[in-house]
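Given next are the chains, with one letter for each unit.
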Amino acid sequence: QVQFVESGGGLVQPGGSLRLSCAAAASGSIFRLYVMGWYRQAPGKQRELVAHIFTGGSTNYADSVKGRFTISRDNAKNTVYLQMNSLKPEDTAIYYCNTHPAPLSSQAYWGQGTQVTVSS
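Residues numbered from 1 in each chain as written. Predicted model: local features only at pLDDT ≥ 70, side-chain atom pairs only at ≥ 80, totals over all residues. Heavy atoms only, no water.

**Quick look at the sheet that holds strand 8 (residues 79-84)**
What counts here: Note on pairing: DSSP must find at least two bridges between two strands before they are called paired. Numbering goes from the N terminus for both helices and strands, where a helix is a DSSP run of H or I of at least four residues and a strand is a run of E of at least two. Axes, fitted as lines to C-alpha atoms, cover a helix only where it is in contact. Angles between the N-to-C directions of the axes lie from 0 to 180 degrees.
Pairing is antiparallel across the open sheet formed by 4 strands, whose spatial order is 1-3-8-7. With one partner strand each, in any of the chains shown, strand 1 (3-7) and strand 7 (69-74) form the two edges of the open sheet. Taking the axes of each pair of neighbouring strands and ignoring which way they run, one obtains an average angle of 20° across the sheet. One ladder, built from 5 bridges, connects strand 1 with strand 3 (residues 18-25); its direction is antiparallel. Bridging from a neighbouring strand, Gln 3 pairs with Ala 25 of strand 3.

This is the structure we're talking about:
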């Protein structure tokens, strides 16, 4: 079973930036075979897909973050990143990483995530 550990969240002002990291534990050299995604869950809302990156590096983004967020990966480090620029209060959420697709509503498939709070 693959486990992902998110880090890099914090409290930032609107317009600020954060860089999130997602480290894959116990995945060995097969991490490069995974399509990876960043997800988020805002208070009172369901978990949603923010961005995902294919094994070859192609990316897709939700309309709400397109042009502001950049997902990338370093297969040698078993790590996925999410560069978040021009942050808005509506970006406030717990951010998770996982494979894509992933069962959005099944809690057993998700780690603790990392909290991103955008507030002045």
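Read on for the rest.
**Examining the pairing of strand 7**
Operational definition: Throughout this description, buried means an accessible area under 20% of the type-specific maximum (1.4 Å probe, protein chains only), exposed means over 50%, and partly exposed covers the range between.
Burial of the side chains of strand 7 is restricted to one face: Phe 69, Ile 71 and Arg 73 are buried, whereas none of Thr 70, Ser 72 and Asp 74 on the reverse face is. Two strands pair when backbone bridges link them, and strand 7 and strand 8 are joined in this way by 6 bridges, in the antiparallel orientation. Pairing of Ile 71 across the sheet is with Leu 82, part of strand 8. Counting the residues in the hairpin turn of strand 7 and strand 8 gives 4 residues, including Asn 78, whose phi is positive at 50°.

**A few points about unusual backbone geometry**
In this chain, His 100 is followed by Pro 101 through a cis amide linkage whose omega measures 0°. Turning to its location among the elements, Pro 101 is positioned in the loop between strand 9 (93-99) and strand 10 (114-118). Of note, Asn 78 is a non-glycine position whose phi angle comes to about 50°, a positive value. Following the sequence through the fold, Asn 78 ends up in the loop between strand 7 and strand 8. One non-glycine residue, Ser 86, lies in the positive phi region at around 50°. Looking at the secondary structure, you find Ser 86 in the loop between strand 8 and strand 9. Taking relative accessible area as the criterion, Ser 86 reaches 41% and is therefore assigned partly exposed.

**Structural notes on the environment of Ser 105**
Residue position: Ser 105 is located in the loop between strand 9 and strand 10. For Ser 105 and Asp 91, which are 14 residues apart along the polypeptide, the C-alpha to C-alpha distance reads 20 Å.

**Description of the state of the cysteines**
The bond known as a disulfide is covalent and runs between the sulfur atoms of two cysteines. Keep this limit in mind: Counting rule for disulfides: a pair of cysteine sulfur atoms within 2.5 Å.
Counting across every chain of the model gives 1 disulfide. Two residues share a disulfide in this structure: Cys 22 and Cys 97, whose sulfurs sit 1.7 Å from each other. Between Cys 22 and Cys 97 the disulfide shows an S-S torsion of about 70°. By sign, it is right-handed. Residue Cys 22 is found in strand 3, and its partner Cys 97 is found in strand 9; the two are separated by 75 residues along the sequence. There is no split in this pair, since Cys 22 and Cys 97 are both buried.

**Comments concerning the sheet that holds strand 5 (residues 48-53)**
Here we have 6 strands laid out as an open sheet, ordered 2-10-9-4-5-6, and mixed in their pairing. The strands lining the two open edges of the sheet, one partner per strand, are strand 2 (10-12) and strand 6 (59-61). The average angle at which neighbouring strand axes cross in this sheet is 25°, direction not considered. Across 3 bridges, the pairing between strand 9 and strand 10 is antiparallel. Note on strand 10: the bridge partner recorded for Tyr 95 is Thr 114.

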